[in-house]
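Close look at the chain arrangement
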Amino acid sequence: MLTKSHDNIKVDHKIESCETFKHSCERLIKKIESYILNNNNVVKHKQGQFETFFNDFITVVSISHRKVDLLFMRNIHVDKITETVAISCWEACYYLPEDILNGFQEAAKTEESPLGKSILNQLIENAELAAVENRPYCHDTGLTVVFAEVGQDVHIEGGDFYEAVQNGIRKGYKEGYLRNSIVGDPLLRKNTNDNTPGVVHTKLVPGDKIKFTVLPKGGGSENMSAMKFLLPGEGVEGVKKFVIDTIEAAGGKACPPIVVGVGIGGSFDKVTEIAKEAILREVGSHHDEPHIAELEKELLDDINKTGIGPQGLGGSNTALWVSIETHGCHITALPVAVNIQCHAARKKSVVI
Amino acid sequence: MTAINITPPLTKEDVMKLKAGDEILLNGTIYVARDAAHKRLLSNLDNGEDFPIDLKNEIIFYAGPTPPKPGQVIGSIAPTTAARMDPYTPPMFEYGVKGVIGKGPRGENVKEACKEHSAICFSAIGGLSALLGERVKSAEVIAYDDLGPEAIRKLEVENFPVLVVYDAHGGDLYEQEIAKYKKA
Ligand code: SF4
């Protein structure tokens, strides 16, 4: 089968003629469909060869149509997916993202508490040591959350997509010497000893690539996250109060300096999903909407006024950043979710 | 501030000298135990049995390290959230444990138990795991092998940095420091 891989993409005329063929097929199918519609009685009542002929013909055309579609898709083998996820797991745990490291450095410059400053400097030293020695900067290598943005022109071959991702987690945690921190049944609580199952979010996007973002999420900060339905009338002030209350309740347990992801709007499920997406945004980058960007700034200010500080041991840097994501919501609702990300703010994105 | 060197086991006099905010470098033996090990230790006590190892006057470290790479003594290690051990800590202090190392603030019952039984809550920096892993010189499982990652481990540490967060006189470093930087 032809694929639009990098090897044969240069054969433009072939693609072009495929395009023409595809259109012809589509036109043909439409013609047949309208023929059947107009001659409903014929197809319905005349038994035998005539009907069979049409059915067979339609099947053949549909299959060709599907094959032509496949000509425009890019094949990605499940082994490639497993390998990509595996490497991303340990890379996320060994190498602290640049924006977070810069965040530590900026915070250390402004920190008012001498103890807080000392903690920030030790975190910088810890991250640098981990990178040099290829070892996890934090021992709680977490629940593995995987975001996959799957291009709609991708055809996955060789097996099941979700199984390939879970196999990647298994392989990454074993080969990367990461801690297995997952129990299979939440009530029986027996460790699965391979860090599966991870949580996988998929999104269909234009294009013929898959972007994986692996986010091994520590327990300390995830456990202090929260969601609530506010009354619409509570508005911005209500949102601010809920965020601050959540951060104060977390205190030192969430390992500050933290990154705060806030979701506003959507449904019960959507609001927590966008709060998690928000913690992936770069430290230093604001929301496009000016009023949301303003709210991010105000919240960051307010959070840093709580005095919680690095490790909850006092100081002027409790959070490195606040990112908000929003979604339209029901006229009766104002859902808010706060996802706290600790200073071990792991995230690794790879496009295949 | 210069750090105070401490080599466990701790005497009552050692404990009484320490104040919230003191920076400590631990040298010598500490014991790793977390949720499942605590649960079992305390059920030993309830049944009138002894602990499998003598933990009187010792320091317990709430932690779960990553597996060591070939050639390493231990992987990365740092404390887990101490508050999860709140129900277990007072009876452990009553038994005779003199110090615990965790991260994050604790409940009132633990603060009270520090005063009542002359014991200390230390904190190591949560997630400082690569750096703290380097300060561990040997590690061995010494009890409850079947608990796997939650088994009790004996660690030999060198210049292992911790802070006194709750002392035996009612001092509370979290409360004290946060109040200084809170802006109304
Ligand atoms: S909260 Fe984060 S930094 Fe702290 S121990 Fe857990 S994973 Fe590590």
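Residues numbered from 1 in each chain as written. Chains lettered and ligands numbered in written order. Predicted model: local features only at pLDDT ≥ 70, side-chain atom pairs only at ≥ 80, totals over all residues. Heavy atoms only, no water.

**A word on the overall build of chain B**
- Scanning chain B for helices and strands turns up six helices and seven strands.
- Each helix and strand of chain B, placed in order from N terminus to C terminus, yields the pattern β-α-β-α-β-α-β-α-β-α-β-β-α.
- Across the 184 residues that make up chain B, the buried fraction comes to 60%.
- In chain B, 64% of the contacts between residues at least 6 apart in sequence involve partners at least 24 apart.
- Accessible area of chain B: about 7,400 Å², with a carbon and sulfur share of 49%.
- Distance from the positive charge centre (21 side chains) to the negative charge centre (26 side chains) of chain B: 6 Å. (Helix = DSSP H or I, 4+ residues; strand = E, 2+ residues; numbered from the N terminus. Buried < 20%, exposed > 50% of the residue type's maximum accessible area, 1.4 Å probe, protein only. Contact = heavy atoms within 4.5 Å. Areas by Shrake-Rupley, 256 points an atom, 1.4 Å probe, with all protein chains shown as cover. Lys, Arg positive; Asp, Glu negative; His and termini not counted. Charge placed at Lys NZ, Arg CZ, Asp CG, Glu CD.)

**Thoughts on the overall build of chain A**
- In terms of regular secondary structure, chain A is built from 11 helices and 10 strands.
- For chain A, with 352 residues in total, the buried portion stands at 48%.
- Taking the contacts inside chain A whose residues are at least 6 apart along the sequence as the reference set, 82% of them involve residues at least 24 apart.

**Section: the packing of aromatic side chains**
- As enumerated under the stated definition, the model contains eight aromatic pairs over all chains in all.
- For the ring pair Phe229 of chain A and Phe268 of chain A, a centre distance of 6.4 Å and an interplane angle of 10° mean the geometry is stacked. Of this pair, Phe229 of chain A sits in strand β6 (residues 226-230) while Phe268 of chain A is found in helix α10 (residues 268-278), placing the two residues 39 residues apart along the sequence.
- Between Phe61 of chain B and Phe160 of chain B, the aromatic rings sit 5.4 Å apart at their centres with planes inclined by 70°, giving edge-to-face as the arrangement. A residue pair is termed long-range when its members are at least 10 positions apart, and Phe61 of chain B in strand β3 (residues 59-61) and Phe160 of chain B in strand β7 (residues 152-166) qualify at 99 residues. Neither residue differs from the other here; Phe61 of chain B and Phe160 of chain B are each classed as buried.
- Its end group placed over the ring of Tyr144 of chain B, Arg40 of chain B keeps NZ or CZ at 4.9 Å from the ring centre. (Phe/Tyr/Trp six-rings, centres within 6.5 Å; stacked < 30°, edge-to-face > 60°. Lys NZ or Arg CZ within 6 Å of the ring centre and 35° of its normal.)

**Examining the sheet that holds strand β9 (residues 334-341) of chain A**
Residue and element names in this part refer to chain A.
- In spatial order, the strands read β6-β9-β7-β8; together these four strands make up an open sheet with mixed pairing. Looking at the sheet topology across the chains shown, the edges are occupied by β6 and β8 (319-327). Adjacent strand axes in the sheet meet at a mean angle of 15°, parallel and antiparallel pairs treated alike.
- The sheet contact formed by strand β7 (residues 258-265) and β9 spans six bridges and is antiparallel. (Pairing = 2+ DSSP bridges. Axes fitted to C-alpha atoms, helices over the stretch in contact; angles between N-to-C directions.)

**With respect to the interface of chain B and chain A**
- Contact residues are listed per partner, giving 39 residues for chain B and 40 residues for chain A.
- Among the residues of chain B in contact with chain A, Lys69, Tyr181 and Lys183 of chain B are the three that bury the most area, contributing 19% of the side total.
- Here chain B is connected to chain A by three salt bridges.
- The shortest N-O distance in the salt bridge between Arg135 of chain A and Glu134 of chain B comes to 3.0 Å.
- For the pair chain B and chain A, the number of links is 18 residue pairs in polar contact (both at pLDDT 80 or more).
- At the level of secondary structure, the elements contributing two or more residues to the side of chain B that touches chain A comprise α5 (129-134), β7 and α6 (173-181) of chain B.
- Tallied by class, residues from the side of chain B that touches chain A come to 21 nonpolar, 11 polar and seven charged. (Buried area = accessible area lost by both parts, 1.4 Å probe. Salt bridge = Lys/Arg side-chain N within 4 Å of Asp/Glu carboxyl O. Polar contact = N/O pair within 3.5 Å; in protein donor to acceptor, adjacent residues only side chain to side chain. Nonpolar A, V, L, I, M, F, W, Y, C, P; charged D, E, K, R; others polar.)

**Details of the confidence of the model for chain B**
- For chain B, the mean per-residue pLDDT works out to 95, and 99% of the residues sit at or above 70.
- As a predicted assembly, this complex carries a pTM of 0.87 together with an ipTM value of 0.94. (pLDDT = per-residue confidence, 0-100.)

**Regarding the nonpolar core**
- Among the nonpolar cores identified, the biggest contains 113 residues, and Val260 of chain A together with Leu26, Leu55 and Phe122 of chain B are the most heavily contacted of them.
- Looking at this core element by element, the count peaks at nine residues for β7 of chain B.
- Judged by nonpolar contacts, the second largest core, of 21 residues, contains Cys93, Val146, Ile169 and Leu178 of chain A. (Core = buried A, V, L, I, M, F, W, Y, C linked by side-chain atoms within 4.5 Å.)

**Overview of the packing of helix α4 (residues 78-94) of chain A against helix α7 (residues 161-175) of chain A**
All names here are of chain A.
- As a packed pair, α4 and α7 sit with axes 7 Å apart at the nearest point and diverge in direction by 40°. Compared by their axis directions, α4 and α7 come out oblique. The way α4 lies across α7 gives a crossing that is right-handed. In this structure, α4 uses Val78, Ile81, Thr82, Glu83, Val85, Ala86, Cys89 and Trp90 to contact α7, whose residues at the interface are Phe161, Ala164, Val165, Asn167, Gly168, Ile169, Lys171, Gly172 and Tyr173. (Parallel < 35°, antiparallel > 145°, perpendicular 65-115°, else oblique. Left-handed = near helix turned anticlockwise from the far one by under 90°.)

**Points about unusual backbone geometry**
- With an omega dihedral of 0°, the bond running from Thr196 of chain A to Pro197 of chain A counts as a cis peptide bond.
- Note that Pro197 of chain A resides in the loop between α7 and β4 (199-205).
- The amide bond that connects Pro8 of chain B to the next residue, Pro9 of chain B, takes the cis arrangement and shows omega of 0°.
- Relative to the elements of secondary structure, Pro9 of chain B occurs in the loop between β1 (4-6) and α1 (12-17).

**Quick look at the pattern of salt bridges**
- Applying the stated rule across the entire model yields 30 salt bridges over all chains.
- Notably, a salt bridge pairs Arg179 of chain A with Asp140 of chain A, separated by 3.4 Å at the nearest N-O pair. With Arg179 of chain A in the loop between α7 and β4 and Asp140 of chain A in the loop between α6 (114-133) and β2 (143-151), this residue pair connects regions lying 39 residues apart in the sequence. Neither residue differs from the other here; Arg179 of chain A and Asp140 of chain A are each classed as buried.
- Salt bridges sharing common partners tie together Glu108, Lys111, Asp172 and Glu175 of chain B.

**Considerations on the site of the ligand**
- Around the ligand sit 13 residues, and of these Cys138, Gly218, Cys255, Cys342 and Arg346 of chain A come closest.
- The ligand sits at a junction of chains, with neighbouring residues supplied by chains A and B.
- Across the shell around the ligand, the residue classes tally to four nonpolar, six polar and three charged. (Near = heavy atom within 4 Å.)

**Thoughts on the environment of Ile303 of chain A**
All names here are of chain A.
- When you line up the elements, Ile303 lands in helix α11 (residues 290-304).
- The buried category is assigned to Ile303, whose relative accessible area is 0%.
- Residues Ile303 and Ala319, 16 residues apart in the sequence, show an inter-C-alpha distance of 6.7 Å.
- Sequence-distant contacts of Ile303, that is, excluding residues within four places in its chain, are made with Val243, Ile244, Ile247, Val260, Thr318, Ala319 and Val322.

**Quick look at the side chain of Asn195 of chain A**
- Tracing the backbone shows Asn195 of chain A in the loop between α7 and β4.
- For Asn195 of chain A, a relative accessible area of 0% gives the class buried.

**Some words on the pairing of β7 of chain A**
Residues and elements named next belong to chain A.
- In terms of residue burial, β7 counts as a mostly covered element, since eight of its eight residues are buried.
- Strand direction decides the pairing type here: β7 and β8, joined by eight bridges, are parallel. Residue pairing across strands places Ile258 opposite Ala319, the latter belonging to β8.

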